[in-house]
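Each chain, letter by letter, is given below.
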Amino acid sequence: VVVMNTRTSLPAALINTPSPGGLTNQTGGGQAVDQLLVTNSSANTWTAFDIGNIIPGRQFLTGPIYISEVEGTGNTPRAITITAPATGNFNRDFAGFTGPGTPLILYCDFTDGVLNTTNLGATEPVKSFALGTGAAPNDVSVSPCFVIPFIPPYMFAAVSEGGVPGDGKVGYYMAGIGCATGISTNARPDSLVGELPGLDAPAGLDEVVNFNASGALFIVAESGSATSQIDTLGLAPSATLASPPRIIRSFKTGANPVAVAHVPSWFNPGNGAFICILFTPGCPTKPLAFVPAPCWYSGTEQYPAPGFHEDFSGAPSIDSYVCARGAGRIDVLNSTTGGKDFYSPIIIPGVRYVASTGSQ
């Protein structure tokens, strides 16, 4: 695992771990636990690394990276995710809802076709859910913990199941009481609550609650050759919140889309830089009059513009960045309308993945 300095694009640390299959982390100040979680596909474990000594804005590490814990898994663990912290969280989408007080971890055993829930410090999964023969779970993504007056807190996760061609699925998990696992009621079941079948090789997922105007919870990439599109996913009509997924809208992409991400609601409080949605009130447009000039890296609009105030709304770009692996490009699409960004597509021959700190 390579820890990169994003200012210099140079490695700050190398972490040796057997056959890393998936990565997730919880950082961002406040109550964040500063842990990097890595599934080890050949060793059938996941490992938590303490990355508290990686200080944003410093070029090098200020101390060692320790192993916090190792937990056994089923066969071939790959995708893994951890909830956002309850406070801090500025490196994710901090507008709106955040994570529960106790971090919840979900990971998938690819060979076994199982979705697991667990917590830091646990010695085994708290809950395990068999997804079915040949499920081939590709990705897992978790929403914020929704805390709304007069409604008990609730939280969803989505898991993409590649399955057989033309009959892949996305399943929804709903957390238990207080957005936790291990304790449940009928209304907060800590269990799978339904699935959406008939998808064409569903692959990468992204959580988009805090900025998608259509009411979507997640976006999934259908990577099969017959489809090649992304779908925004909400809740199917139901008398309760414990509902399966439904497709809100679908947008065509380049061939074989395998991953989806979005620009996080991030800003650098040290020098007044920020990221904003172009052509919205208060956001500069594209002229080169700014000194220093904007950084237009792979379609992101990053403005190191002294004299402007940071965007404390926390609003990330509404665009979704889709890795169309078969086409060798990144498509940049408005996640609500499907409209293409000024930079789209970004041609990167051999591209295999796209991700960001804002994505789940």
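Residues numbered from 1 in each chain as written. Predicted model: local features only at pLDDT ≥ 70, side-chain atom pairs only at ≥ 80, totals over all residues. Heavy atoms only, no water.

**What about the overall build of the chain?**
The condition that has to hold: Segments assigned H or I by DSSP are reported as helices when at least four residues long, segments assigned E as strands when at least two residues long, and all are numbered from the N terminus. Here the term buried applies to any residue with accessible area under 20% of the maximum for its type, exposed to any over 50%, and partly exposed to those in between, with areas from a 1.4 Å probe on protein chains only. Working rule for contacts: check all heavy atoms of both residues, and any pair within 4.5 Å makes them a contact. Calculation of accessible area relied on Shrake-Rupley with a 1.4 Å probe; when residues are assessed, cover is drawn exclusively from the protein chains displayed.
Along its length, the chain carries 0 helices and 28 strands. A buried classification covers 52% of the 360 residues belonging to the chain. Counting only contacts in the chain whose residues sit at least 6 apart along the sequence, the fraction spanning at least 24 positions is 55%. Entry remark: accessible area of the chain is about 15,400 Å², with carbon and sulfur atoms responsible for 58%.

**Describing the pattern of salt bridges**
Applicable threshold: By definition, a salt bridge exists where a carboxyl oxygen of Asp or Glu is found within 4 Å of a side-chain nitrogen of Lys or Arg.
Tallied over the entire structure, the rule returns 3 salt bridges. The closest approach of N and O atoms between Arg329 and Asp331, which form a salt bridge, is 2.7 Å.

**Thoughts on the sheet that holds strand β11 (residues 137-142)**
Going by this rule: Only strands that DSSP links by at least two bridges are regarded as paired with each other. Here, axes are lines fitted to C-alpha atoms. For helices the fit covers the stretch in contact, and angles between N-to-C directions go from 0 to 180 degrees.
The strand order across the open sheet built from 4 strands is β11-β14-β15-β16, with neighbouring strands paired in antiparallel fashion. Every other strand in the sheet has two partners, leaving β11 and β16 (191-199) as the edge strands with one partner each. Each strand of the sheet is rotated relative to its neighbour by a mean of 15°, with strand direction disregarded. Bridge count for strand β15 (residues 168-174) against β16 is 6 bridges, and the pairing is antiparallel. Its bridge partner being in β16, Tyr172 is matched across the sheet by Gly194.

**Some remarks on a nonpolar patch on the surface**
Test applied: To count toward a patch, a residue needs a relative accessible area over 30% and no salt bridge; like charges are then connected within 9 Å, while nonpolar side chains (Val, Leu, Ile, Met, Phe, Trp, Tyr) are connected within 5 Å.
Nonpolar side chains collect at one region of the surface, where Val2, Met4 and Leu14 lie side by side and expose about 310 Å² of accessible area between them. Structurally, Met4 can be placed in strand β1 (residues 2-5).

**Here's the deal with the confidence of the model for the chain**
Which entries qualify depends on this criterion: By definition, pLDDT measures how confident the predictor is in each residue, and it falls between 0 and 100.
Looking at the chain, the pLDDT average stands at 82 and 78% of residues meet or exceed 70. For the chain, the element scoring lowest by mean pLDDT is strand β22 (residues 267-268), at 42; strand β9 (residues 114-118) scores highest, at 97. In this model residues 296-300 is a low-confidence stretch, pLDDT under 50, and it forms 13 contacts with partners more than four residues away in sequence or in other chains.

**Focus on unusual backbone geometry**
Even without being a glycine, Asn44 presents a positive backbone phi close to 55°. Classification of Asn44 as partly exposed rests on a relative accessible area of 23%. Its identity is not glycine, yet Ala201 carries a phi of approximately 55°, on the positive side. By secondary structure assignment, the location of Ala201 is in the loop between β16 and β17 (202-207). Note on Ala201: relative accessible area 24%, which makes it partly exposed.

**A short note on the side chain of Thr73**
Quick reminder of the rule: Here a polar contact means two N or O atoms within 3.5 Å. Within protein one must be a hydrogen donor candidate and the other an acceptor candidate, and residues neighboring in sequence count only if both atoms are side-chain atoms.
Along the chain, Thr73 turns up in the loop between β6 (66-72) and β7 (77-82). Among the residues examined, Thr73 registers a relative accessible area of 18% and is labelled buried. Polar contacts involving the side chain of Thr73 include one to the main-chain amide nitrogen of Thr45, which spans 3.4 Å.

**Quick word on the packing of aromatic side chains**
Heads up, the condition is: Classification of ring pairs rests on two measures: the distance between centres of Phe, Tyr or Trp rings, Trp counted by its six-membered ring, which must be within 6.5 Å, and the angle between planes, read as stacked under 30 degrees, edge-to-face over 60 and tilted in between.
The full count for this structure, using the stated rule, is 5 aromatic pairs. When the centroid spacing of 5.9 Å and the interplanar angle of 50° are considered together, the rings of Phe129 and Tyr173 count as tilted. A residue pair is termed long-range when its members are at least 10 positions apart, and Phe129 in strand β10 (residues 127-130) and Tyr173 in strand β15 qualify at 44 residues. For the pair shown, Phe129 and Tyr173 are each scored as buried. On the numbers, 6.1 Å between centres and 80° between planes, the contact of Tyr154 with Phe156 is edge-to-face. Tyr154 sits in the buried class, given a relative accessible area of 11%.

**Let's talk about the sheet that holds β6**
Adjacent strands of a sheet form backbone hydrogen bonds with each other and so pair up, either parallel or antiparallel. With antiparallel pairing, the 4 strands of this open sheet are ordered in space as β3-β4-β5-β6. Across the chains shown, the open sheet's two edge strands, defined by having one partner strand only, are β3 (20-26) and β6. Taken over all neighbouring pairs, the strand axes of this sheet differ in orientation by 20° on average, direction set aside. Sheet analysis places strand β4 (residues 35-40) next to strand β5 (residues 45-50), joined by 6 bridges and oriented antiparallel. Looking across to β5, one finds that Gln35 is bridged to Asp50.

**Points about the nonpolar core**
Spelled out, the test is: Residue types Ala, Val, Leu, Ile, Met, Phe, Trp, Tyr and Cys, when buried and joined through side-chain atoms within 4.5 Å, form a set referred to as a nonpolar core.
Ranked by internal contacts, the top residues of the largest apolar core, which has 17 residues, are Leu104, Leu106, Leu115, Val140, Met155 and Tyr173. Looking at this core, the elements with two or more residues in it are β8 (105-109), β11 and β14 (156-161). Counting residues in each nonpolar core, the second largest holds 16 residues, with Phe156, Met174, Val220 and Leu233 among its members.

**A few points about the environment of Glu222**
Looking at the secondary structure, you find Glu222 in strand β18 (residues 218-222). A C-alpha to C-alpha distance of 7.4 Å links Glu222 and Val258, two positions 36 residues apart in sequence. What Glu222 contacts, discounting residues up to four positions off in sequence, is Leu199, Asp200, Ala201, Pro202, Thr227, Ser228, Gln229, Asp231 and Pro257. At 2.7 Å, the side chain of Glu222 and the backbone nitrogen of Asp200 are in polar contact.

**Side note on the side chain of Thr117**
Relative to the assigned elements, Thr117 resides in strand β9. A distance of 2.8 Å separates polar atoms of two side chains, one belonging to Thr117 and the other to Thr181. In this structure Thr117 touches Leu104, Ile105, Leu106, Pro125, Val126, Lys127, Phe129, Tyr173 and Thr181, once residues within four positions along its chain are discounted.

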